[in-house]
Amino acid sequence: MLVPREQASGERRVAATPETVRRLHSHGLQLQVEEGAGLASGYLDHDYREAGAEVVPTGSLPWDEVDGVLCLNPPAPEALNRLRPGALLVGLLSPYGAHELVQILCERQTASVALELLPRISRAQSMDVLSSQANIAGYKAVLMGAAALDRYVPMLMTAAGTIQPARVLVLGAGVAGLQAVATARRLGGVVYVSDVRPAVKEQVESLGGRFLDPPEIDDRPAEVGGYAKEASEAFLAAQRQQLAEQLALADIVICTAQVPGKAAPRLISEAMLDGMRPGSVVVDLAVAQGGNCFGTVPGETVERKGVLLIGADALPASVPNHASALYARNVAALVEHLCGEGDWKLDPADPILDGCLLTLEGVCRRPDVVAPTVPSNGANR
Ligand code: NAD
């Protein structure tokens, strides 16, 4: 299997580490790792070789010979066009609206697994890259917010008097949001949390956060398989009204509210930003899906009337060593599951593969997600 060096700008992670090379080697799989593939995340060619991988120069990657490719982001079309029929591509393939990619994969008869579509079932927990990476994003978002804030986060009693703890508002209590709550609490902040799923109240409270009950209106978004459905405009208007008061008191706001395959709910309007304290900080993790907050721009920090708006679209890549270690373990668990006698076990009826097997034998198995619904990564205005 080939592990190429990631080409996307700002991507510092790698899809296999020396630990997972060793692990997959013990299942009889040979890994070929592009030279320097792990350098940006702290994994050296020498360590890959020691673990049993072949380190291949960039100019001679054997795309046309390998049985599979492990990646973070989809490789370039020129590389995919060299894959032989039946090869398996595993990665975060950004399947929503990915017509061109899917067309190439079908033409090449490449089997592909889009890890963002892996079902959230207990059996697939060890393979769940969305969770391992969202956890990192939630942690790092709080650190970024704290670093940019003009105040302390913890309460301090000093000879010069007492400093009150910072107030942190977390929007969305999925994996990233819950890690943001835990991290902000460890720093000593007072944490408030909004989510449309009342089921998360207990989890928020167990981490020391205070849950803001969703507005009591009739068309509260339904929950399907643990995910919130898209909220109606009437619900969002009621939610924004509730949040306006909280925003005026907040020092740090961490935005993580998302609905899979849809634009992120707009929870902070321009008028609500006007009510925020100059010096406060908004970190928008949903920025690539259109953002929870007005005015955030992917990858940029914008100052608006003294409020810092951080468009945090690639946080896992900013903690590349651990992000790669966890991602690579998730991927290794999946590859072990798919490893058959001399061939891949790609049974569409397998509950783990059901949903995330994007293409198989020239057929797109998820035309529903390939239809574009999520806004592209433009400025969020
Ligand atoms: P996500 O990134 O899709 O969404 C983040 C959060 O945003 C969710 O909690 C969602 O309810 C919330 N949200 C949506 N609209 C909102 C709005 N208008 N206002 C406020 N919040 C809003 O979520 P995720 O982190 O991927 O987790 C989704 C679910 O999957 C959770 O129930 C989680 O517990 C579950 N999960 C299960 C497993 C497993 O069983 N293997 C693993 C990880 C996560």
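The coordinates are above.
Residues numbered from 1 in each chain as written. Predicted model: local features only at pLDDT ≥ 70, side-chain atom pairs only at ≥ 80, totals over all residues. Heavy atoms only, no water.

A. Local environment of the site of the ligand. In the vicinity of the ligand there are 24 residues, among which Val 175, Asp 195, Arg 197, Gly 226 and Gln 239 approach most closely. Between an oxygen atom of the ligand and a main-chain N or O atom of Gly 174, the distance comes to 3.2 Å. Measuring from an oxygen atom of the ligand, one finds a side-chain N or O atom of Arg 197 at 2.7 Å. In the complex, the protein chains occlude 84% of the 850 Å² of accessible area that the ligand would expose alone. Secondary-structure elements contributing two or more residues to the shell around the ligand are strand 13 (227-228) and helix 8 (233-249). Its residues assigned to classes, the shell around the ligand shows 11 nonpolar, 9 polar and 4 charged. (Near = heavy atom within 4 Å. Polar contact = N/O pair within 3.5 Å; in protein donor to acceptor, adjacent residues only side chain to side chain. Areas by Shrake-Rupley, 256 points an atom, 1.4 Å probe, with all protein chains shown as cover. Helix = DSSP H or I, 4+ residues; strand = E, 2+ residues; numbered from the N terminus. Nonpolar A, V, L, I, M, F, W, Y, C, P; charged D, E, K, R; others polar.)

B. The nonpolar core, seen in detail. Leu 31, Leu 70, Val 113, Leu 115, Leu 334 and Leu 346 are the most contacted members of the largest nonpolar core, which has 67 residues in total. Counting residues per element, this core draws most heavily on helix 10 (residues 320-338), at 8 residues. Counting 27 residues, the second-largest nonpolar core is a separate cluster that includes Val 153, Ala 166, Val 191 and Ile 254. (Core = buried A, V, L, I, M, F, W, Y, C linked by side-chain atoms within 4.5 Å. Buried < 20%, exposed > 50% of the residue type's maximum accessible area, 1.4 Å probe, protein only.)

C. A look at the pattern of salt bridges. Counting across every chain of the model gives 17 salt bridges. With a closest N to O distance of 2.9 Å, Asp 251 and Arg 151 form a salt bridge. Of the two residues, Asp 251 is situated in the loop between helix 8 and strand 14 (252-255) and Arg 151 in the loop between helix 5 (129-148) and strand 7 (156-158); the sequence distance between them amounts to 100 residues. When its relative accessible area of 44% is taken as the criterion, Arg 151 is described as partly exposed. Across the pair Arg 304 and Asp 274 runs a salt bridge, and its minimum N-O distance is 3.1 Å. Taken as a pair, Arg 304 in strand 16 (residues 301-304) and Asp 274 in helix 9 (residues 270-274) lie far apart in primary sequence, 30 residues in all. The class for Arg 304 is buried, based on a relative accessible area of 14%. Taking relative accessible area as the criterion, Asp 274 reaches 42% and is therefore assigned partly exposed. (Salt bridge = Lys/Arg side-chain N within 4 Å of Asp/Glu carboxyl O.)

D. Summary view of the environment of Thr 301. Mapped onto the secondary structure, Thr 301 falls in strand 16. Sequence-wise, Thr 301 and Val 283 are 18 residues apart; in three dimensions their C-alpha atoms are separated by 9.0 Å. When sequence neighbours within four positions are dropped, the list of residues in contact with Thr 301 reads Leu 308, Leu 309 and Ile 310. (Contact = heavy atoms within 4.5 Å.)

E. Examining the side chain of Glu 116 more closely. With respect to the secondary-structure elements, Glu 116 resides in the loop between strand 6 (111-114) and helix 5. At a separation of 2.8 Å, a polar atom in the side chain of Glu 116 contacts the main-chain amide nitrogen of Ser 94. Contact partners of Glu 116, with chain neighbours within four places excluded, come to Gly 91, Leu 92, Leu 93, Ser 94, Pro 95 and Leu 130.

F. Region of the structure containing the side chain of Asp 284. By secondary structure assignment, the location of Asp 284 is in strand 15 (residues 281-284). Within the structure, the side chain of Asp 284 is placed 3.1 Å from the backbone nitrogen of Asn 292, a separation counted as a polar contact. Of the polar contacts made by the side chain of Asp 284, one reaches the side chain of Thr 296; its length is 2.8 Å.

G. Quick look at the packing of helix 5 against helix 6 (residues 175-186). Put simply, helix 5 and helix 6 touch, their axes get as near as 7 Å, and they point 40° apart. Overall, the two elements helix 5 and helix 6 adopt an arrangement that is oblique. Two packed elements cross with a definite hand, and for helix 5 against helix 6 that hand is right-handed. Touching Ser 131, Ala 134, Asn 135, Gly 138, Tyr 139, Val 142 and Leu 143 of helix 5 are Val 175, Ala 176, Gln 179, Ala 180, Thr 183 and Ala 184, all from helix 6. Here the residues of the contact of helix 5 with helix 6 sort into 8 nonpolar, 5 polar and no charged. (Axes fitted to C-alpha atoms, helices over the stretch in contact; angles between N-to-C directions. Parallel < 35°, antiparallel > 145°, perpendicular 65-115°, else oblique. Left-handed = near helix turned anticlockwise from the far one by under 90°.)

Take it as geometry only, folks, not as evidence of what the structure does.
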